Amino acid sequence: MRYIGYLTTTRQRSKTLEQILVVLRGSTIAEETGNDTESKFWATYKKVSNEYDDDFLGRANDDMAIILTFAGLFSAVNSTFIVGMQPNPGDTTNALILQLIKMIADGPNVAIDINSLSSSTGYPSSTVWMQTLSYASLAFSVLAAFGAVMGKQW
């Protein structure tokens, strides 16, 4: 009876040691190094290159985070300026209401000049250029943020 208990304990120990061996084979903690110069060189090269790659990827990830932050801030500020540059739609409405009041005050028998009721106002070319550049810079800022997000996820 005692012999059977000993066999069971030995089998359990054997299974445990096999599991530890499997884990250690897949681990990078216990690196295999050979005795010859070439295997030592390649083991050292692998170690140094992994450190360099990890450092490079860490710096690139930090740079992408900074680009993403500044692109978001620039987009917010640029959007605020774009909203501020928009023409006031109340001016057109006020001009049309003034024309209606004038027509009512002149009486029903007066001929109405339809050409004077134009609701479109001409904008100076400098305003058009400023808005075009603002929208283009907003588009490029959003594109930069998109690129940073894609870079961080890659």
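Rules and cut-offs
Throughout, residues of each chain are indexed from 1 in the direction in which the sequence is written. Per-residue local features of the predicted model are confined to residues with pLDDT of at least 70, and side-chain atom pairs are confined, for both listing and counting, to 80 or more; whole-chain, interface and lining totals are unaffected and use all residues. In computing side-chain properties, one takes all heavy atoms of the structure into account and sets aside hydrogens as well as water. Note on definitions: angles span 0 to 180 degrees between N-to-C directions of axes, and those axes are lines fitted to C-alpha atoms, for helices only across the stretch in contact. Only DSSP runs of H or I with at least four residues qualify as helices, and only runs of E with at least two residues qualify as strands; both kinds are numbered from the N terminus onward. Throughout, the term roughly parallel applies to angles under 35 degrees, roughly antiparallel to angles over 145, roughly perpendicular to angles from 65 to 115, and oblique to all others. Take the far helix as the reference: if the near one is turned anticlockwise from it by less than a right angle, the crossing is left-handed, and if turned clockwise, right-handed. Only protein chains enter the accessibility calculation, which uses a 1.4 Å probe; a residue whose area is less than 20% of its type maximum is buried, one above 50% is exposed, and one in between is partly exposed. Throughout, a contact is declared for two residues whenever any of their heavy atoms are within 4.5 Å. Salt bridge, as applied in this entry: a Lys or Arg side-chain nitrogen positioned within 4 Å of an Asp or Glu carboxyl oxygen. Per-residue confidence from the predictor is reported as pLDDT, which spans 0 to 100. Residues forming no salt bridge and having over 30% relative accessible area are the ones grouped into patches, like charges within 9 Å of each other and nonpolar side chains (Val, Leu, Ile, Met, Phe, Trp, Tyr) within 5 Å. For the area figures, the Shrake-Rupley method with a 1.4 Å probe applies, and any residue is considered shielded solely by the protein chains shown.

Visitor: Which residues make up the packing of helix H2 (residues 37-85) against helix H4 (residues 125-153), and what are the values?
Guide: A pair of packed helices can be characterised by two numbers: the angle between their axes and the separation between those axes. Between H2 and H4, the shortest axis-to-axis distance is 8 Å and the interhelical angle comes to 155°. The pairing of H2 with H4 is recorded here as roughly antiparallel in orientation. Of the two elements, H2 crosses H4, and the hand of that crossing is left-handed.

Visitor: Account for the environment of Phe74, naming residues and giving values.
Guide: Checked against the element boundaries, Phe74 lands in helix H2. With relative accessibility at 44%, the residue Phe74 sits in the partly exposed group. As a C-alpha pair, Phe74 and Ser137 span 63 residues in sequence and 9.2 Å in three-dimensional space. Sequence-distant contacts of Phe74, defined by excluding residues within four places in its chain, comprise Ser137 and Ser141.

Visitor: Outline the side chain of Ser134, supporting the account with residue identities and numerical values.
Guide: Assignment of secondary structure puts Ser134 in helix H4. Filtering out sequence-adjacent residues up to four positions away, Ser134 remains in contact with Asn78, Ile82 and Met85.

Visitor: Give a description of the pattern of salt bridges that names residues and reports values.
Guide: Across all of its chains, the model carries 1 salt bridge by this definition. A salt bridge links Asp55 to Arg59; the nearest nitrogen and oxygen atoms lie 3.4 Å apart. Pair noted here: Asp55 and Arg59 are both in helix H2, with a separation of 4 residues, about one helical turn. What makes Asp55 partly exposed here is its relative accessible area of 43%.

Visitor: Could you give an account of the confidence of the model for the protein chain, naming the residues involved and the relevant values?
Guide: Taken as a whole, the protein chain shows an average pLDDT of 80; of its residues, 80% reach a score of 70 or greater. Mean pLDDT across the elements of the protein chain bottoms out in helix H1 (residues 2-26) (71) and peaks in H4 (90).

Visitor: Summarise a nonpolar patch on the surface; cite the residues concerned and give the values.
Guide: A surface patch of nonpolar side chains, amounting to about 470 Å² of accessible area, comprises Phe140, Leu143, Phe146 and Met150. Secondary-structure assignment places Met150 in helix H4.

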